[in-house]
Amino acid sequence: MSERAASKDPGSRASSAGTPPRVRAALAAVGIVLIALPWLIGAFGDAWVRALCFAALYVMLALGLNIVVGFAGLLDLGYIAFYAVGAYTYALLASPHLTEHFPALAHAFPHGLHVSIWITLPIGASLAAAFGILLGAPVLKLRGDYLAIVTLGFGEIIRIFLNNLNAPLNFTNGPSGITLIDQVRIDGLDFAHPSTIAGLQPSSLVLYYYLLVAMALLAMLVCIRLQNSRLGRAWMAIREDEVAARAMGINVRNVKLLAFSLGATFGGIAGGLFAAFQGFVSPESFSLMESIVVLSMIVLGGLGHVPGVVLGAVMLAMLPEVLRHTAVPLQTAVFGRVLIDSEVLRMLLYGLATVGVMLYRPRGLWPAPEHGTEGNNTPRGPGPASQVVPRHG
Amino acid sequence: MAECVLLAASVNKRFGGLQALADVEIRIDEGQIYGLIGPNGAGKTTFFNVLTGLVRPDTGTFELGGRPYRPIDPHRVAIAGIARTFQNIRLFPDMTALENVMVGRHARTHANALDAVLRTRRARVEERAIRARAHELLDEIGLSRYANQLARTLSYGDQRRLEVARALATEPRLLALDEPAAGMNATEKQALRALLDSIRTRGITILLIEHDVKLVMGLCDRVTVLDYGKVISVGTPADVQRDPAVIEAYLGIVHAEPAPRAQLQ
C-alpha cells in the first residue's frame, strides 16, 4: 500500500493542478528518489533510514502546526500535546497494557487488545481533533503572546497528566511509559516480519519508511489543497486582519476552531504512527522542547509555505543524525577529545540557525513567492505588474 | 416611492459617560447614494460600526430590505447584505489583490474543508467561479493589472479601490464606505466619484461617511448630519447646506451676515 501511495501521490497532484511539464518531471524525479532512498542510504546503516522515518514524522507535525501558525496565524506552543494524544491512543489500543491492569478488559479480550491500525489511527486523529477544539474554544479571543502562553500551558498539562495517570488506576503507566506496542499490520503485510515483495525483501524499517513517507506526502497534498481553497483563504484573512475578515462574512470562531482541530488531526496521526514505529511511548517524548523544535522547523523553512515547511522539517530532523556522524569524529580529530556533546551541539545549532534566519532571511529559507500563490494557474509576464492577466473559468 | 433598503431607528449607544449615539434614525432608499456627515467626533463611525455589527448598540431597531436584522455579528451582517470599507484601510496586506477580492466571495460560497481536501466537483466549479468573479471585479475597478501583486505594495488610492472591490465581491445590497476619499488627491477623488456613480447604476445602494463636503454635495441624493451623536438635519444636500443647525455645528454660532456656502466648502 505504501509504495503505491508514495508513487501515485506526485502524479495526482501534478494532474490536478495543471502543472507545467517541467514541474511534473521534477515531481517524478523526487518520487523516484524517495522510493530509492532507503536502499541507497541504507547502505550506510539503518540509523540513517531511522532518521529519515523521523524526518517524515516531523514533516507531518510541521505541516499540522503550519495550519495553525502559518495559515491562521495563531501561535501555538503546545502542539506536541496532540502528538501525545495520538501516540497514547495507539499505544493503549494496541498493547497489553490495558488488559494487564484492568481484569474486566482482560475478560473481554482474552488475547489482549490488538486493535488494527485502520481503527486506532482514526480514533487517535479524532481524539486529537477533539482536544484541538478543547484548546481552541477558550482561546478564541487571544492573540500573540497571550495565546502562546495558554497553549504552552495546555501542552504541559497533557504531558503532566500522562506522567501521573498511573495511580490509583493505571492508565498510562506514568513515567515508565507503555511498551510492547504492536507493529503495524496492513492487509496481511506484517511490519514486524516482512515478507518478500516483488523479489525484494525490505526490512521492517524500510516498510515503515515507505508508510511514513506516503503519509507525509498525503499530508502535503492535503495542506496544499486546503491552502488554495475557500477555507485556506479564510485562514489567511483572519491572520492578516480579523476585523476585516469578519466584515467579509467569515465566521471567525468556526474557522479558527477548524484550524486548531485540523492541525491537531495531523499531530494525532503522526503520534499514532510514532507509537507503532517506536513500539514504546513515554511522556518524555512530548516535552515543551519538542513543541519548540517543531515550531522552529516551520519558522526556519518558511511560515505558511508548504514546501518551505517540509524543507525546514527535514533539515532539522536530519541534523542530529548528521551531527552524530560528523561532530564526534571531527572533534576527536581536531582536539583529540570530544569537547561538546552532539546533543548540546544540536541545540546550539538550532539557536544559531534561528538567529541567522531571523537576521538574513526573516521569511524563512524557502518562503512563499512575493507575488502570491496564484503562480501555478496564472502564467506571468515579465514583471509583477504585467499588463495581461488571463481570465479563468 | 423607492423600496427602503436600510431602516435604523432609535439607535442609542453610550460609552461610559459619553452618549455616542442618541436616538439616531436613518432611512436609505434603494439606489440612493446616502451621505452621513458631521464634525469630528459626531458619532459617524460609531453609527457605522453599530450598523455592521462591530459595536453592539444599547437600543435600536434595524431593518434591511424590509426584514429586521440584529447587527450583533459582523459576519452575519455581511451575509445579510451590508458590505463595508474602513476609515483606515483594512486590506489583507500579505495576500494578492486577487486573493483579497476572492476572500470577499466567502459570504456567498459554501465549499468546506472536506470539499477542499477531496477537491470535489462542487468545490472546483465554485473555485473557478470565485476566481472568475474576482477577476471581473478587479477589471471593473481598474486594478486587473495588479491582480497578482500583494495588496500592501499597491498605492494608497489603489488600496482604497481594492477595498471597494473586495466589499462588492460580497454582493451587498448596501455598500457602506467609511471616508473613502480620505487622503486622496484631486485626480483620485475624481476617479472615486466616477466609480461610485457606476456602482450606483448597478443597483447597489451606497452609504457614505465623508469629510469632503464638496464630494458629498456633488454625489449624494440625501444627507444626514450628525453632531454629538444626534441627528441635527436630514434632507437633500442643498437643504442641509442651508440648515442653520448644520452651519452652527460646523462653524460655531453664526451671528450676522453669514456666507455659509463658501465657508462650508
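Residues numbered from 1 in each chain as written. Chains lettered and ligands numbered in written order. Predicted model: local features only at pLDDT ≥ 70, side-chain atom pairs only at ≥ 80, totals over all residues.

When helices and strands are tallied, chain B shows 11 helices and 10 strands. Overall size of chain B, expressed as C-alpha extent along the three principal axes, is 75 × 40 × 40 Å. Counting every position in chain B, which comprises 265 residues, the buried fraction comes to 49%. Pairs at least 24 apart in sequence give 66% of the contacts found in chain B among residues at least 6 apart. (Helix = DSSP H or I, 4+ residues; strand = E, 2+ residues; numbered from the N terminus. Buried ≥ 20, exposed ≤ 12 C-beta atoms within 10 Å, placed from the backbone. Contact = placed C-beta atoms within 7 Å.)

Across the boundary between the two partners, chain B contributes 43 residues, which contact 35 residues of chain A. For the side of chain B that touches chain A, the secondary structure elements donating two or more residues are helix H2 (74-80), helix H3 (97-104), helix H4 (113-118) and helix H5 (121-141) of chain B.

Residue and element names in this part refer to chain A. Their axes nearest at 9 Å, the elements helix H3 (residues 46-71) and helix H13 (residues 288-301) cross at an angle of 75°. In this view, H3 runs roughly perpendicular relative to H13, as classed from their interaxial angle. Contacts from Tyr58, Leu61, Ala62, Leu65, Asn66, Val69 and Gly70 in H3 reach Val294, Leu295, Met297 and Ile298 in H13. Grouping the constituent residues of the contact of H3 with H13 by class yields 9 nonpolar, 2 polar and no charged. (Axes fitted to C-alpha atoms, helices over the stretch in contact; angles between N-to-C directions. Parallel < 35°, antiparallel > 145°, perpendicular 65-115°, else oblique. Nonpolar A, V, L, I, M, F, W, Y, C, P; charged D, E, K, R; others polar.)

It is worth spelling out the sheet that holds strand S2 (residues 18-29) of chain B at this point. Neighbouring strands of a sheet are bound in pairs by backbone hydrogen bonds; such pairs are parallel or else antiparallel. Residues and elements named next belong to chain B. Within the open sheet, the 4 strands sit side by side as S2-S1-S4-S5. Their pairing is antiparallel. Two strands bound the open sheet, and with one partner strand each, they are S2 and strand S5 (67-68). Inspection of the sheet shows strand S1 (residues 4-15) paired to strand S4 (residues 59-64) by 5 bridges, in the antiparallel sense. In the sheet register, leucine 7 faces S4, and the bridge partner there is glutamate 63. (Pairing = 2+ DSSP bridges.)

The next thing to look at is the confidence of the model for chain B. Residue and element names in this part refer to chain B. Per-residue pLDDT for chain B has a mean of 89; in total, 95% of the residues score no lower than 70. Of all helices and strands in chain B, the one with the weakest mean pLDDT is helix H11 (residues 260-264) (49), whereas H3 scores best (95). With pTM at 0.86, the complex prediction returns an ipTM value of 0.89. (pLDDT = per-residue confidence, 0-100.)

Attention now goes to the domain arrangement of chain B. All names here are of chain B. As far as domains go, chain B holds domain 1 (1-62 + 180-240) and domain 2 (82-171). Taking only C-alpha atoms into account, the centre of domain 1 sits 25 Å from that of domain 2. Listed by partner, the interface residues are 10 residues for domain 1 and 10 residues for domain 2. Counting only elements with at least two residues in the side of domain 1 that touches domain 2, the list comes to helix H1 (44-51) and helix H7 (186-201). Here the side of domain 1 that touches domain 2 takes 3 residues from H1, the largest share from any one element. A breakdown of the residues in the side of domain 1 that touches domain 2 according to their chemical character gives 6 nonpolar, 3 polar and 1 charged. (Domains from an automatic or database assignment.)

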